[in-house]
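Single-letter residue listing:
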Protein chains: 2
Amino acid sequence: MNRRQIFQQVSFNGEGLIPVIAQDADNGDVLMMAWMNEESLAATIAEQRAVYWSRSRRKLWRKGEQSGNTQWVREIHLDCDGDAMLLKVEQQGGIACHTGRRSCFFRKLTGERWQIAGETTGSPSESCGNGGE
Amino acid sequence: MNRRQIFQQVSFNGEGLIPVIAQDADNGDVLMMAWMNEESLAATIAEQRAVYWSRSRRKLWRKGEQSGNTQWVREIHLDCDGDAMLLKVEQQGGIACHTGRRSCFFRKLTGERWQIAGETTGSPSESCGNGGE
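Residues numbered from 1 in each chain as written. Chains lettered and ligands numbered in written order. Predicted model: local features only at pLDDT ≥ 70, side-chain atom pairs only at ≥ 80, totals over all residues. Heavy atoms only, no water.

J.: How do you make sense of the overall build of chain A when you look at a structure like this?
T.: Secondary structure summary: chain A contains two helices and eight strands in total. Helices (α) and strands (β) of chain A occur, in sequence order from the N terminus, as α-β-β-α-β-β-β-β-β-β. A separation threshold of at least 6 residues defines the contact pool for chain A, and within that pool the share at least 24 residues apart is 48%. Counting every atom, chain A has about 5700 Å² of accessible surface; 41% of that belongs to carbon and sulfur. (Helix = DSSP H or I, 4+ residues; strand = E, 2+ residues; numbered from the N terminus. Contact = heavy atoms within 4.5 Å. Areas by Shrake-Rupley, 256 points an atom, 1.4 Å probe, with all protein chains shown as cover.)

J.: What is the right way to read helix H2 (residues 38-47) of chain A from this model?
T.: Every α-helix winds through 3.6 residues per turn, so residues three or four apart in the chain are directed the same way. Within the span of H2(A), buried status applies to A:Ser40, A:Leu41, A:Ala42, A:Ala43, A:Thr44 and A:Ile45. A:Gln48 sits one or two positions beyond H2(A) and adopts a positive phi of about 55°. (Buried < 20%, exposed > 50% of the residue type's maximum accessible area, 1.4 Å probe, protein only.)

J.: Looking at this structure, I do not really get the side chain of B:Arg107. What am I missing?
T.: When you line up the elements, B:Arg107 lands in strand E7 (residues 107-110). Buried charge B:Arg107 goes without a salt bridge, the closest partner of opposite sign being A:Asp79 at 5.2 Å. From its side chain, B:Arg107 meets the backbone oxygen of A:Cys80 in a polar contact 3.1 Å long. Other than its neighbours up to four places away in sequence, B:Arg107 contacts A:Gln9, A:Ile76, A:His77, A:Leu78, A:Asp79, A:Cys80, A:Asp81, A:Gly82, B:Trp114, B:Gln115 and B:Ile116. (Lys, Arg positive; Asp, Glu negative; His and termini not counted. Salt bridge = Lys/Arg side-chain N within 4 Å of Asp/Glu carboxyl O. Polar contact = N/O pair within 3.5 Å; in protein donor to acceptor, adjacent residues only side chain to side chain.)

J.: Looking at this model, I keep getting lost on the sheet that holds strand E5 (residues 71-78) of chain B. Mind explaining?
T.: Paired through backbone hydrogen bonds, the strands of a sheet run either parallel or antiparallel to each other. Ordered in space as E8(A)-E7(A)-E5(B)-E6(B)-E1(B)-E2(B), the six strands form an open sheet in which the pairing is mixed. For this open sheet the edge positions go to strand E8 (113-116) of chain A together with strand E2 (30-36) of chain B, each flanked by a neighbour on one side alone. Within the sheet, the average angular offset between the axes of one strand and its neighbour, ignoring direction, is 35°. The pairing of strand E1 (residues 18-24) of chain B with strand E6 (residues 85-91) of chain B spans five bridges and is parallel. (Pairing = 2+ DSSP bridges. Axes fitted to C-alpha atoms, helices over the stretch in contact; angles between N-to-C directions.)

J.: What should I look at first to understand the relation of the copies chain A and chain B in this one?
T.: Each of the two chain copies can be brought onto the other by rotation about an axis and movement along it. Each copy of the sequence occupies a distinct position, and chain A is placed on chain B by a rotation of 180° and an axial shift of 0.0 Å, giving an RMSD of 0.0 Å. On the angle and the small slide along the axis, the relation comes out as a two-fold axis. Proximity to the rotation axis, assessed at the C-alpha, singles out A:Gly28 in chain A; its C-alpha lies 2.7 Å from the axis. (Least-squares fit on C-alpha atoms with pLDDT ≥ 70 in both.)

J.: Would you explain the environment of A:Arg113 in this entry?
T.: The residue A:Arg113 is located in strand E8 in this model. When its relative accessible area of 46% is taken as the criterion, A:Arg113 is described as partly exposed. Ignoring anything within four residues of it in the chain, the contact list for A:Arg113 reads A:Lys108 and B:Gln5.

Right under this line is the structure:
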């Protein structure tokens, strides 16, 4: 991999991280948002599956490694100013969230409260975003 | 607005910010990612249009205020651990990016380089993410 050519346009923040959105490549659902550092981006590209950086555990987090809900990467996009990324993924098992829901964004503002919208379809597993298991 | 009831589940980071994804409510395209603080989230809810926090200008950024490309908010979602939000928006003018493209995520990793995928359909205006105009 010509890492330099790829990485020179990616703008990591002061902590060496970039926010990454995972979107279901089939139906367009936004599944979750997590973070990557250089090492996890390199692993994502090499393995063609989402490898995030767990900020709580301070280690690489191969999404689905324990739950089986791997995100196979179809496309990787970078935004105009290089400080956010979008993965279009094939969500194995159809479940991205540790609560067993398809998407982590299952709370919807309804009037003045956050209403739980998504149904639980699987078993709780990895923690959203932070990769705690 | 019962601000306390809404805000107690939102987890702002050490800088008082939360990352926010804007998604086209009609076709599911992920348009951009930006940031909100408490004040901009309150304004977004009150005005039902996306009001971000510009980190570069350190002020509220009413998306489209200068370009006309306002994002009218249809739904506001919060993720499972409360530290990321998703707006489903009606993108006025169909253009979210300051480069004149529909989405800010127009660079796609192809082989070992970022290939520009989106066509320019409008005039350059606000800067993505940072709200510089």
